Amino acid sequence: MTKLLEQIPRLRPGFRFQWEPAQNAHVLLYPEGMVRLNDSAGAVLKEVDGQRNVADIVATLEQQFPDAGSLEDDVSEFLKDAEQQHWILFS
Amino acid sequence: MTARHAMPTGDRPGIGPPLWLLAELTYRCPLQCPYCSNPLDFAQTQQELTTEEWVRVLRQGREMGAAQLGFSGGEPLVRQDLPELIAEARQLGYYTNLITSGLGLSEAKVNAFRDAGLDHIQVSFQASDPELNNAVAGSRKAFDQKLAMARAVKEAGYPMVLNFVIHRHNIHQMEDIISLCERLGADYVELATCQYYGWAFENREGLMPSKAQLEKAEAEVNRYRERLTASGSAMKLIFVTPDYYEERPKACMNGWGSLFLTVAPDGTALPCHSARLLPIDFPNVRESSLHSIWYDSPGFNHYRGDSWMPEPCRSCDEKGRDFGGCRCQAYLLTGNADNADPVCSKSPHHDRILAARQAADHATAGLEELTYRNTDNSRLFFRG
Ligand code: SF4
Ligand code: SF4
């Protein structure tokens, strides 16, 4: 198995990520379901585009949030959790 | 990191926006399921909303914050303007679900809907084999058509969601049903035991499984689920058990007028798709905006909060969890929709649930004795 940092996450088919003004939050929509995401989950999933690997995503987020320090652990943990929930797939 | 946070509040203190909109486009349907949730007198329904009226409803709903949209019915495919409505919905930003029997669907339509922006098609089945399926649906060709359409849906790249309504005549098929779904490559499988409203309430004695049947089915589903998890399968099994075997009611629609808004074919706006049977005046989208319907109409405010509750709910410390259960069930079983849902063992009418359980233990009626949902039978109900 390749290391998580080198893997490329993408949304599972049928899942849509979008900003919902009425909820003032990003949401994940899927067949007959919706998860309202908190700010950090929204910030990570926003970068999941099926092109960039986890390391790139971590780097982007660390640039966006320079005060947050190293984000590798938080982001990895969240993405693993998202995979377990079957929201995303790795390739 | 946790992903969720608390629900938003809408334009009025304490009332959130209608995040889910269900558009029942029509009551017309080629099938005759004896558990259909459509009203018994559907044949009397006045004129269906026009395309323009539906577009207005979709826009208003989206402005208020609705994000999930279901097209259902009846059979929504009989509406010729479906592709137009799908395109409009997608452009507005809805996640769009089509809930269909698969009859009237074709590969060409599956692809055209995808190009118009449809997110998901749910195909409903009646059983895992053609004989039983077609007997329940009241149609000889239904099963093969459903199989073909399930495959076409997958082929077109949609997530595959298959729905089976479970009752005493197919509850022994759990393993077969799930393995059929696995072979088809389903992502989600809904095994939904009948809820007894509409035609299903009329046919309850002939549909309700016995406790023994239910326990066996639950065990089969759980075994299968373990096998799926062990093999790393992402197929998700959702088994909705009948609340008639519970001691506490379900939190119906997550609370009256809290998340769900249904618009019936003639424009009547409802807090859930069976609420039409209640003796309450519900507003119509032809006369009012969705915004005033949701926030200000007496119909939608009728059972919000808990000041309407009589005992035993009024002084019950669980009322924040189940809101006293389902108003339709209270009405159908006690004659008064304010009462506690008789599923609750604290309800003075709980004996009616116990009687139904007993009846299910001794029921012998065959499929042919059920009242099928069709126009002739509907007219009979209207005449009374
Ligand atoms: S439940 Fe059956 S009869 Fe009713 S609308 Fe659905 S397919 Fe048609
Ligand atoms: S008494 Fe009413 S509120 Fe309490 S558990 Fe029963 S149904 Fe729910």
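Small disclaimer: the values here were computed from a predicted structure and weren't measured. (Residues numbered from 1 in each chain as written. Chains lettered and ligands numbered in written order. Predicted model: local features only at pLDDT ≥ 70, side-chain atom pairs only at ≥ 80, totals over all residues. Heavy atoms only, no water.)

Peer 1: What is the right way to look at unusual backbone geometry in this model?
Peer 2: Excluding glycine, a negative phi dihedral is what most residues carry, and trans is how most peptide bonds are arranged. Between Gly-73 of chain B and the following residue, Gly-74 of chain B, the backbone shows a cis peptide bond with an omega angle of 20 degrees. Checked against the element boundaries, Gly-74 of chain B lands in the loop between β2 (68-72) and α2 (82-92). Cis rather than trans, the peptide bond between Glu-311 of chain B and Pro-312 of chain B has omega equal to 5 degrees. Along the polypeptide, Pro-312 of chain B turns up in the loop between α11 (298-301) and α12 (319-322). In this structure, Glu-32 of chain A takes a positive phi of about 55 degrees despite not being glycine. Tracing the backbone through its elements, the reader meets Glu-32 of chain A in the loop between β3 (25-30) and β4 (33-36). (Helix = DSSP H or I, 4+ residues; strand = E, 2+ residues; numbered from the N terminus.)

Peer 1: Please clarify how the sheet that holds strand β1 (residues 20-24) of chain B should be interpreted in this entry.
Peer 2: The pairing of strands in a sheet comes from backbone hydrogen bonds and takes either a parallel or an antiparallel form. All names here are of chain B. Reading across the sheet, the 9 strands line up as β7-β6-β5-β4-β3-β2-β1-β8-β9 and stay open at both edges, with mixed pairing between neighbours. A single partner strand is all that each edge strand has here, and the edge strands are β7 (236-240) and β9 (269-270). Here strand β6 (residues 188-193) runs beside β7; their pairing, made up of 5 bridges, is parallel. Considered in β7, the bridge of Val-189 is made with Leu-237. Packing of helix α9 (residues 211-230) onto the sheet brings it into contact with β6 and β7, and relative to β7 it is tilted by some 165 degrees. (Pairing = 2+ DSSP bridges. Contact = heavy atoms within 4.5 Å. Axes fitted to C-alpha atoms, helices over the stretch in contact; angles between N-to-C directions.)

Peer 1: It is not clear to me how the pairing of strand β4 (residues 120-125) of chain B should be interpreted in this structure. Could you clarify?
Peer 2: Residue and element names in this part refer to chain B. Where burial is concerned, most of β4 is hidden: 6 out of the 6 residues are buried. Neither face of β4 is exposed, since His-120, Gln-122 and Ser-124 on one face and Ile-121, Val-123 and Phe-125 on the opposite face are all buried. When strand β3 (residues 95-100) meets β4, the two strands line up parallel, connected through 4 bridges. Considered in β4, the bridge of Leu-98 is made with Ile-121. In this fold, β3 hands off to helix α3 (residues 107-116), which returns the chain to β4; that crossover is right-handed. Two elements, β4 and strand β5 (residues 160-166), share 5 bridges in a ladder whose sense is parallel. From the neighbouring strand, Val-123 faces β5, where its bridge partner is Leu-162. (Buried < 20%, exposed > 50% of the residue type's maximum accessible area, 1.4 Å probe, protein only. Right-handed = clockwise from strand over helix to strand, strands pointing away.)

Peer 1: Please explain the packing of aromatic side chains as it appears in this structure.
Peer 2: Where two aromatic rings form a pair, the distance of their centres and the angle of their planes describe that pair. Counted according to the given criterion, the structure contains 9 aromatic pairs over all chains. Ring geometry for Phe-15 of chain A and Tyr-30 of chain A: centres 5.1 Å apart, planes at 15 degrees, overall stacked. Here Phe-15 of chain A is found in the loop between β1 (9-11) and β2 (16-20), whereas its partner Tyr-30 of chain A is found in strand β3, with 15 residues between them in sequence. An identical accessibility class is assigned to Phe-15 of chain A and Tyr-30 of chain A; each is buried. Considering the side-chain rings of Trp-294 of chain B and Phe-300 of chain B, the 5.7 Å spacing of their centres and the 50 degrees angle between planes classify their relative orientation as tilted. Phe-300 of chain B gets classed as buried once you look at its relative accessible area, which sits at 0%. Here the aromatic residues Trp-256, Phe-282, Tyr-303 and Trp-308 of chain B are joined through ring pairs into a cluster of three or more. Over the ring of Tyr-94 of chain B we find Arg-62 of chain B, and its NZ or CZ is 5.8 Å from the ring centre. The lysine or arginine in question, Arg-304 of chain B, covers the ring of Trp-294 of chain B, its NZ or CZ lying 5.0 Å from the ring centre. (Phe/Tyr/Trp six-rings, centres within 6.5 Å; stacked < 30°, edge-to-face > 60°. Lys NZ or Arg CZ within 6 Å of the ring centre and 35° of its normal.)

Peer 1: Where do I start with the interface of chain B and chain A in this structure?
Peer 2: Where interface size is given, it is often the accessible area lost as the parts come together that is meant. With 30 residues of chain B at the contact, the number on the chain A side is 31 residues. Between chain B and chain A, the buried area comes to about 2,500 Å², and carbon and sulfur atoms account for 54% of it. On inspection of chain B and its partner chain A, the count reaches 3 salt bridges. A salt bridge links Glu-20 of chain A to Arg-62 of chain B, with the nearest nitrogen and oxygen atoms 2.8 Å apart. Inspection of the chain B/chain A interface yields 10 residue pairs in polar contact (both at pLDDT 80 or more). Residue composition of the side of chain B that touches chain A, by class: 15 nonpolar, 9 polar and 6 charged. (Buried area = accessible area lost by both parts, 1.4 Å probe. Salt bridge = Lys/Arg side-chain N within 4 Å of Asp/Glu carboxyl O. Polar contact = N/O pair within 3.5 Å; in protein donor to acceptor, adjacent residues only side chain to side chain. Nonpolar A, V, L, I, M, F, W, Y, C, P; charged D, E, K, R; others polar.)

Shape descriptors only; they carry no functional weight alone.
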